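Results of the structural survey
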Amino acid sequence: MSELTDIINALEVKFAKLVQKLNKLEAENKELKHHLSLAQEEIQQNENQLDDIYKKYESLQLANSLLGSEEGRKNTKLKINSLIREIDTCIAQLTK
């Protein structure tokens, strides 16, 4: 009978250790999820910042092409014509 009691006590100890390990892993999982959330927010902010910088870069390229060489002026005219075509397309879709 004492052998059975020893086995039950050993199982209780092992079960308690498993419960502690489970609690520790759940806390670690929660912390990792929090860090992941923060990292995703930071990535989103960086992507937004990159988009803003890219738009500023395009504006600067356009301004430089207006002031620059003949090739730059040609690229600017092509870009303006492309924008006008897009506007015409939008107007056409709105009138339908």
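Attention here is on the structure that accompanies the text.

Definitions and cut-offs
- Residues numbered from 1 in each chain as written.
- Predicted model: local features only at pLDDT ≥ 70, side-chain atom pairs only at ≥ 80, totals over all residues.
- Heavy atoms only, no water.
- Helix = DSSP H or I, 4+ residues; strand = E, 2+ residues; numbered from the N terminus.
- Rg over C-alpha atoms; globule rule 2.2 N^0.38 Å.
- Buried < 20%, exposed > 50% of the residue type's maximum accessible area, 1.4 Å probe, protein only.
- Areas by Shrake-Rupley, 256 points an atom, 1.4 Å probe, with all protein chains shown as cover.
- Lys, Arg positive; Asp, Glu negative; His and termini not counted.
- Charge placed at Lys NZ, Arg CZ, Asp CG, Glu CD.
- Phe/Tyr/Trp six-rings, centres within 6.5 Å; stacked < 30°, edge-to-face > 60°.
- Patch = residues over 30% accessible without salt bridge, like charges linked within 9 Å, V, L, I, M, F, W, Y side chains within 5 Å.
- Salt bridge = Lys/Arg side-chain N within 4 Å of Asp/Glu carboxyl O.

Next up on the list: the overall build of the protein. Within the protein one finds 2 helices and 0 strands. In terms of overall size, the protein is more extended than a compact globule, its C-alpha atoms giving a radius of gyration of 32 Å where 96 residues would be expected to give roughly 12 Å. Burial status across the protein gives 3% buried among its 96 residues. Accessible area for the protein stands at about 9200 Å²; split by element, carbon and sulfur atoms hold 60% of it. Charged side chains of the protein number 14 positive and 16 negative; the gap between the two group centres comes to 7 Å.

Bringing the packing of aromatic side chains into the picture now. One pass over the structure, following the stated rule, counts 1 aromatic pair. Seen in terms of ring centroids, Tyr54 and Tyr57 are 6.4 Å apart; in terms of plane orientation they differ by 35°. Their pairing is tilted. With Tyr54 and Tyr57 both in helix H1 (residues 2-67) and 3 residues apart, the pair spans about one turn of that helix. Accessibility expressed as a relative area gives 46% for Tyr57, which makes it partly exposed.

On to the environment of Tyr54, then. With a relative accessible area of 47%, Tyr54 lands in the partly exposed category. Spatially, the C-alpha atom of Tyr54 lies 22 Å from that of Glu71, the residues being 17 residues apart in sequence.

Taken together, the side chains of Met1, Leu4 and Ile8 present a nonpolar region at the surface, about 360 Å² in accessible area. Tracing the backbone shows Leu4 in helix H1.

Here the focus is the environment of Leu67. With respect to the helices and strands, Leu67 occurs in helix H1. What makes Leu67 exposed here is its relative accessible area of 74%. Taking the C-alpha atoms as reference points, Leu67 and Asn9, separated by 58 residues in sequence, lie 86 Å from one another.

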